[in-house]
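Survey of secondary and tertiary structure
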Amino acid sequence: MMNALLIGLIAGIGILDERVLGASLFGRPIFLSVFVGLVLGDVTQGIIIGAQLELVWMGIAGIGASTPPDYVTGGVIGTALAIMSGKGIGIALTIAVPVAVLAQSLGVLVRVINLYFSHKADEYAKTANFRGVTMMLWIPTGLFFLSTFIPTFLAMLLGANRINIIVNAIPKVILDGLTVAGNMLPAIGFALLLDMLYSKKLVVFFFFGFLVASYLKLDITAVALIGACIAIIINLFMGNSSSKNQSSINEESTHEDNNLTEGDIDIE
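Residues numbered from 1 in each chain as written. Predicted model: local features only at pLDDT ≥ 70, side-chain atom pairs only at ≥ 80, totals over all residues. Heavy atoms only, no water.

As a further point, take the overall build of the chain. Assigned secondary structure in the chain consists of 10 helices and zero strands. Secondary structure elements in the chain, listed N-terminal to C-terminal, are α-α-α-α-α-α-α-α-α-α. The buried share among the 268 residues of the chain stands at 31%. Across the chain, the fraction of contacts at a sequence separation of at least 24, relative to all contacts at a separation of at least 6, is 71%. When the accessible surface of the chain is totalled, it reaches about 17,000 Å², and 68% of it is carbon and sulfur. (Helix = DSSP H or I, 4+ residues; strand = E, 2+ residues; numbered from the N terminus. Buried < 20%, exposed > 50% of the residue type's maximum accessible area, 1.4 Å probe, protein only. Contact = heavy atoms within 4.5 Å. Areas by Shrake-Rupley, 256 points an atom, 1.4 Å probe, with all protein chains shown as cover.)

Within the largest apolar cluster, 33 residues are counted, with the highest numbers of intra-cluster contacts made by Trp57, Val76 and Met156. Going through the elements one at a time, helix H1 (2-15), helix H2 (29-40), helix H3 (43-57), helix H4 (71-85), helix H5 (89-126) and helix H6 (130-157) are the ones with two or more residues in this core. Setting aside its immediate chain neighbours within four residues, Val76 contacts Ile7, Ile10, Ala11, Leu32, Val36 and Thr152. (Core = buried A, V, L, I, M, F, W, Y, C linked by side-chain atoms within 4.5 Å.)

Another point: the side chain of Thr152. With respect to the secondary-structure elements, Thr152 resides in helix H6. Taking the relative accessible area as the measure of exposure, Thr152 reaches 0% and is therefore buried. Of the polar contacts made by the side chain of Thr152, one reaches the backbone oxygen of Thr148; its length is 2.7 Å. (Polar contact = N/O pair within 3.5 Å; in protein donor to acceptor, adjacent residues only side chain to side chain.)

Here we take up the side chain of Asp17. As for its position among the elements, Asp17 is in the loop between H1 and H2. No salt bridge forms around the buried Asp17; measuring N to O, its nearest opposite-charge neighbour Arg28 is 7.0 Å away. Polar side-chain contacts of Asp17 include one of 3.5 Å to the backbone nitrogen of Phe26. Excluding residues within four positions of it along the chain, Asp17 makes contact with Gly22, Ala23, Ser24, Leu25, Phe26 and Gly27. (Lys, Arg positive; Asp, Glu negative; His and termini not counted. Salt bridge = Lys/Arg side-chain N within 4 Å of Asp/Glu carboxyl O.)

Now for the pattern of salt bridges. Throughout the structure, instances matching the rule amount to two salt bridges. Between Arg28 and Glu54 there is a salt bridge, with its nearest N and O atoms 3.1 Å apart. Separated by 26 residues along the polypeptide, Arg28 in the loop between H1 and H2 and Glu54 in helix H3 bring together distant segments of the chain. A single burial state applies to Arg28 and to Glu54, both of which are buried. Of the charged contacts in the structure, one is a salt bridge between Glu123 and Lys120, with a shortest N-O distance of 3.6 Å. A residue pair is termed a helical-turn pair when its members lie 3 or 4 positions apart in one helix, as Glu123 and Lys120 do in helix H5 at three residues.

A few words now on a nonpolar patch on the surface. Residues Leu25, Ile30, Phe31, Phe35, Leu38, Val43 and Ile47 make up a contiguous nonpolar surface patch of about 600 Å² in total accessible area. Sorting the residues of the nonpolar patch by element identifies H2 and H3 as the ones contributing at least two each. Among the elements that make up the nonpolar patch, the one with the highest residue count is H2 (four residues). Inspection of the secondary structure puts Phe31 in helix H2. (Patch = residues over 30% accessible without salt bridge, like charges linked within 9 Å, V, L, I, M, F, W, Y side chains within 5 Å.)

When the pLDDT values of the chain are averaged, the result is 76; 74% of them are 70 or greater. The least confident element of the chain is helix H7 (residues 159-168), whose mean pLDDT is 62; the most confident is H2, at 87. (pLDDT = per-residue confidence, 0-100.)

This part is about the packing of H2 against H4. For the pair H2 and H4, interaxial distance at closest approach is 9 Å and the crossing angle is 35°. In this structure, H2 crosses over H4, and the sense of that crossing is right-handed. Seen from H2, the contacting residues are Pro29, Leu32, Ser33, Val36, Gly37 and Leu40; seen from H4, they are Tyr71, Val72, Gly75, Val76, Thr79, Ala80, Ile83 and Met84. Across the contact of H2 with H4, the residue classes break down as 10 nonpolar, four polar and no charged. (Axes fitted to C-alpha atoms, helices over the stretch in contact; angles between N-to-C directions. Left-handed = near helix turned anticlockwise from the far one by under 90°. Nonpolar A, V, L, I, M, F, W, Y, C, P; charged D, E, K, R; others polar.)

On to H5, then. Compared with an ideal rise of 1.5 Å per residue, which puts 38 residues at 56 Å, H5 spans 53 Å between its outermost C-alpha atoms and is within 8% of the ideal. Positive phi appears at Ala128, one or two residues downstream of H5, with a value of about 60°. (Expected span 1.5 Å × (residues − 1).)

One pass over the structure, following the stated rule, counts five aromatic pairs. Here the aromatic rings of Phe26 and Phe35 are separated by 5.5 Å at their centres, their planes lie at 55°, and the arrangement is tilted. For Phe35, a relative accessible area of 36% corresponds to the partly exposed category. Between Phe206 and Phe207, the aromatic rings sit 5.4 Å apart at their centres with planes inclined by 75°, giving edge-to-face as the arrangement. Classification of Phe206 as partly exposed rests on a relative accessible area of 40%. Three or more aromatic residues link up through ring pairs in this structure, and these residues are Phe145, Phe149 and Phe153. (Phe/Tyr/Trp six-rings, centres within 6.5 Å; stacked < 30°, edge-to-face > 60°.)

Structure follows, in structure tokens:
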């Protein structure tokens, strides 16, 4: 019961990221899964599963009125059930992705309900009822918290024994297939991220990083440091070039100011 309550609180606090807590990125799977692993006594698996789930969802963002899959609920439940069942990342991905999609519908419902409180806040604002406005702002926050806390808490109440029964009932060939499919999902996450960041001017750096990692066998830290050095060098050259251009423009402007025209000469 205590573990279910703590994990439910982790999910509830995680959904408040970018709503009340600012854009702290605390709600990302790579952070929440670590705390789930800490509660369940397996931080190592929490880090591994969280990193894998982050690769899947790293390119997902809510833009405009769109509602992305609820990676908070999916990530927390997937990580917790995977650790409790002892089946690893394969089960985590199998559970997390569909749960995130299902929780997305619950998130849409909460947003629709919150519209009522937004309009009520407008009415209170017209009458200078600041207490009412404050309440209308905090109630939606509480609904968002409950939309992740309750499903996560109920999922944890099922317990590891029932989860193991469900997992063991799945044929091994299906589990192996899901594991292989799960290993391919990070590629989809990178593809989504690349689709957002793609630029004809910058795509050469993407292939440069790929070639460096593939042929020189460097890890991600080394590639990131090389990329940082290249960015600094380019910035220095571009900065010098911009300074020279600005200096030449200023010199031309000064030269034009020093040239007297017929209108400038006052002949008495």
